[in-house]
Amino acid sequence: MNFRLGWRNIWRNPRRTLVIMSAVIIGIWSMIFLGALMRGITDQMVRNGIATLTGHIQVHHKDYRNDPVIENSITEPEAVEATLNDILPPGSRWTPRVRVNAIASNARHSSGITLVGVEPRREDKISFVAQAITQGRFLKPVDKNGIVVGKALADKFETKLGRKLVLMSQDTKREIASRAFRIVGIFRAEMEATEKQFVFITMSAAQQMLELKKGISEISIILSDYQEVDQVTVALRTALSATDYEVQSWQELLPMVTAILKMYDGFIFLWFLVVFIAMGFGLVNTTLMAVFERIREFGLLKALGMKPWWIIKGVLIESFFLLILGMAIGNSLGFLSIFVLPSTGIDLSSLAEGMEFAGMSRVIFPIIESKDVITANLVVFVLGLLVSVYPAVKAARFTPVEAMAHT
Amino acid sequence: MNIVECIDIKKTYEQGQVEVQALRGISLSIKKGGFVAVAGPSGSGKTTVLNIIGGLDSADSGRVMVDGNVLDEMNRSQLANLRLHNIGFVFQAYNLIPVLSALENVEYVMLLQGVPVADRRQRARTILDDVGLEDKYDRRPAELSGGQQQRVAVARAIVSNPSIVLADEPTANLDSKTGQDLLELMQEMNEKKKVTFIFSTHDHMVMDYARRLVKIRDGRVVDDQIKAR
Ligand SMILES: Nc1ncnc2c1ncn2[C@@H]1O[C@H](COP(=O)(O)OP(=O)(O)O)[C@@H](O)[C@H]1O
Ligand SMILES: [Mg+2]
């Protein structure tokens, strides 16, 4: 009967009820929709970061990150790989790489790039590049002169498949090493900067050119469960002597992405706060108005012997209905607007140039995180009820005599 | 046995700078089963007396006892319980919850009293039948006439067998025929259910129904007579 009463009371002024309900609906909808977009963006950012050669965890010579020169290479990769074999959980994959700064040039252009020597059979299970070939093919283990470059670099150099490209870099003897390669494949990446930065040759070719022998620059590791990253990083740090090696997780390797993730979390929180404050004020105002319109009624109920607590409960039941209804509709709209988006995602390529620095994708796929949905609903529901306590207490405070005298 | 006992109650209201002496020492004993009119011109203190007896307002001095309870010694919550279980109220207007039907309005006080649902429904029906509203269970107050609304209020006031029913000018908003009908109903309920009725009025026709007439003026009892019938 209390619920029936509350339900009828909220429909005494349908317009007001609809207005405040729309506030709840818009609030919930925007929390869910924007939350999903944000998740989509950040998730893609992390994925891109990880797939663009970072991996979940990397092992370097202890000085490589500070000074990525060829002298700071891992000279005994077998020892490291043996440790990885012991420590990494089943399902993990890893690959060694040579990675140095170099200069690429052809007859028309030259430009600083990052030379990456990879083991083709292993690299294709770790990073994006093998899957990103749009012309030609990826490297084969036997390719002594093959090179894979990005589309943007090829365009800049006005070159194409089958043409030659010369790479120059300093070798371990501090001499300038230089070698000509033939373009066997062209890749595309989420970001133009990636296409311009990286060129790929086989690891053996790189080791030969740079006189590295069996030395490598880094080992990139992908775990089957990314949630184990922190724990595995710690385990590797313990196993690999810190005087020789440095072990870092992707959060440490991509400080920019990590910072942006934090910023986005803060942004979502702020957004929730803004939505909630706007909605909370609306709710308090509406409820106060509804309460003041019914002073006589509350006075009557108190005269009949109703306890203040019952009146508070009655007002809260009304807020409960407003919130639940608004939340139900807001959630449905939120999910609906995410599902009606094309399965191809939201194409932001027109905006992409401005956002590339942040590692953002050209295309966003919204991601619904149950954590976000639950938070949004919980925030609206719990805080919504909490702010309704104020008008409810006001209603319970009227004394019957003054309320009945009120006209 | 006296169901209501007022001894020298005084009440002063402050209205801005002015002090209004609403009650200047009222003493009143009312026996169980009485049908008592408190009569007087507007502003004489009728509402104040009824509110104090009903525990809605408190006297500045004096003693008020209702059904064996000393009101001056009770806290708000105890007073609310007393009103809920021992006193029925009929006000001049706005007696009913607009969004509840006649039946639900009567049921609602029983809900507050903690009467089980089936029992509550049955008793509400019976009492509405008693006041002649057997075909109006599902009407909302707005769909009832003024007289019918007051009947629902009477039904609600007596449904849980209170010791007294306080009715503050229950007929003030009714035409005289409807007012008489309501008085007759109250009289019938008083006789049938042995409920004590105390009602206020400034209408001579209404006073005629009372078995005891307490006249007050300027916050004092000026006349108190038992009428022969
Ligand atoms: N809440 C109040 N504040 C100030 N004065 C009041 C209040 N209630 C009643 N009074 C004054 O007390 C006197 C008695 O009022 P009331 O008991 O309502 O008389 P009645 O019901 O007989 O018309 C009147 O002069 C009225 O103005
Ligand atoms: Mg009055």
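Residues numbered from 1 in each chain as written. Chains lettered and ligands numbered in written order. Predicted model: local features only at pLDDT ≥ 70, side-chain atom pairs only at ≥ 80, totals over all residues. Heavy atoms only, no water.

1. Topic: the sheet that holds strand 5 (residues 69–70) of chain B
Residue and element names in this part refer to chain B. Condition: Paired strands, as defined in this entry, are two strands with at least two bridges between them according to DSSP. Strands are runs of DSSP state E lasting at least two residues, helices are runs of H or I lasting at least four, and both sets are numbered from the N terminus onward.
Read across the sheet, four strands follow the order 2-1-4-5 without closing on themselves; strand pairing throughout is antiparallel. Either end of the sheet is taken by a strand with one partner, and the two such strands are strand 2 (18–31) and strand 5. Across two bridges, strand 4 (residues 61–66) lies against strand 5 in antiparallel orientation. Bridge pairing links Met 65 to Val 70 in strand 5.

2. Examining the nonpolar core
Using the following cut-off: Working definition of a nonpolar core: buried Ala, Val, Leu, Ile, Met, Phe, Trp, Tyr and Cys residues. They are joined through side-chain atoms within 4.5 Å. Accessibility here uses a 1.4 Å probe with only protein chains present; expressed as a share of the type maximum, an area under 20% marks a residue as buried, one over 50% as exposed, and anything in between as partly exposed. Pairs of residues are marked as contacts when any of their non-hydrogen atoms sit within 4.5 Å.
Among the nonpolar cores identified, the biggest contains 98 residues, and B:Val106, B:Tyr108, B:Leu128, B:Phe197 and B:Phe199 are the most heavily contacted of them. Ranked by the residues each element gives to this core, the list is headed by helix 3 (residues 102–113) of chain B, at eight residues. If sequence neighbours within four positions are ignored, B:Val106 has contacts with B:Ala124, B:Ile127, B:Leu128, B:Val152, B:Ala155, B:Arg156 and B:Val159. A:Ile32, A:Ala154, A:Ala205 and A:Leu212 belong to the second-largest nonpolar core, a separate cluster that totals 81 residues.

3. Examining the environment of B:Ile216
Residues and elements named next belong to chain B. Structurally, Ile 216 is set in strand 9 (residues 212–217). By relative accessible area, which is 4% here, Ile 216 ends up buried. When neighbours within four sequence positions are excluded, Ile 216 is seen to be in contact with Ile 26, Val 38, Ala 39, Gly 40, Pro 41, Ser 44, Gly 45, Lys 46, Val 49, Val 221 and Val 222.

4. A few points about the site of ligand 1
Residues and elements named next belong to chain B. To be explicit about the condition: Put simply, a residue is near a molecule or strand once any heavy atom of it comes within 4 Å of that molecule or strand. Counted as a polar contact is a pair of N or O atoms within 3.5 Å, where, for protein atoms, one must be capable of donating a hydrogen and the other of accepting one, and residues adjacent in sequence contribute only when both atoms are in side chains. Methods summary: accessible areas were calculated by the Shrake-Rupley approach with a probe of 1.4 Å, and residue burial reflects only the protein chains presented. Under the scheme applied, nonpolar residues are Ala, Val, Leu, Ile, Met, Phe, Trp, Tyr, Cys and Pro; charged residues are Asp, Glu, Lys and Arg; polar residues are all the others, including Gly.
Taken together, the residues surrounding ligand 1 are Tyr 13, Gln 15, Val 20, Ala 22, Pro 41, Ser 42, Gly 43, Ser 44, Gly 45, Lys 46, Thr 47 and Thr 48. Here an oxygen atom of ligand 1 and a backbone polar atom of Gly 43 are 2.7 Å apart. Measuring from an oxygen atom of ligand 1, one finds a side-chain N or O atom of Thr 47 at 2.6 Å. In the complex, the protein chains occlude 69% of the 560 Å² of accessible area that ligand 1 would expose alone. Top contributing element to the shell around ligand 1 by residue count: helix 1 (residues 46–53), with three residues. Tallied by class, residues from the shell around ligand 1 come to four nonpolar, seven polar and one charged.

5. Some remarks on the interface of chain A and chain B
For clarity, the threshold we go by: Two parts placed together each lose some accessible area; with a 1.4 Å probe, that loss summed over both constitutes the buried area. Salt bridges are counted wherever a side-chain nitrogen of Lys or Arg sits within 4 Å of a carboxyl oxygen of Asp or Glu.
Every contact between the two is made by 21 residues of chain A and, on the other side, 27 residues of chain B. For the pair chain A and chain B, the two sides together bury roughly 2,300 Å², of which 68% comes from carbon and sulfur. Considering only the surface of chain A that becomes buried against chain B, A:Met1, A:Arg8 and A:Leu304 emerge as the three largest contributors, covering 28% of it. Applying the counting rule to chain A against chain B returns two salt bridges. Our count for the contact surface shared by chain A and chain B stands at seven residue pairs in polar contact (both at pLDDT 80 or more). At the level of elements, helix 1 (2–10), helix 11 (295–303) and helix 15 (400–405) of chain A are the ones that each hand at least two residues to the side of chain A that touches chain B. Residue contributions to the side of chain A that touches chain B peak at six residues, all from helix 11 of chain A.

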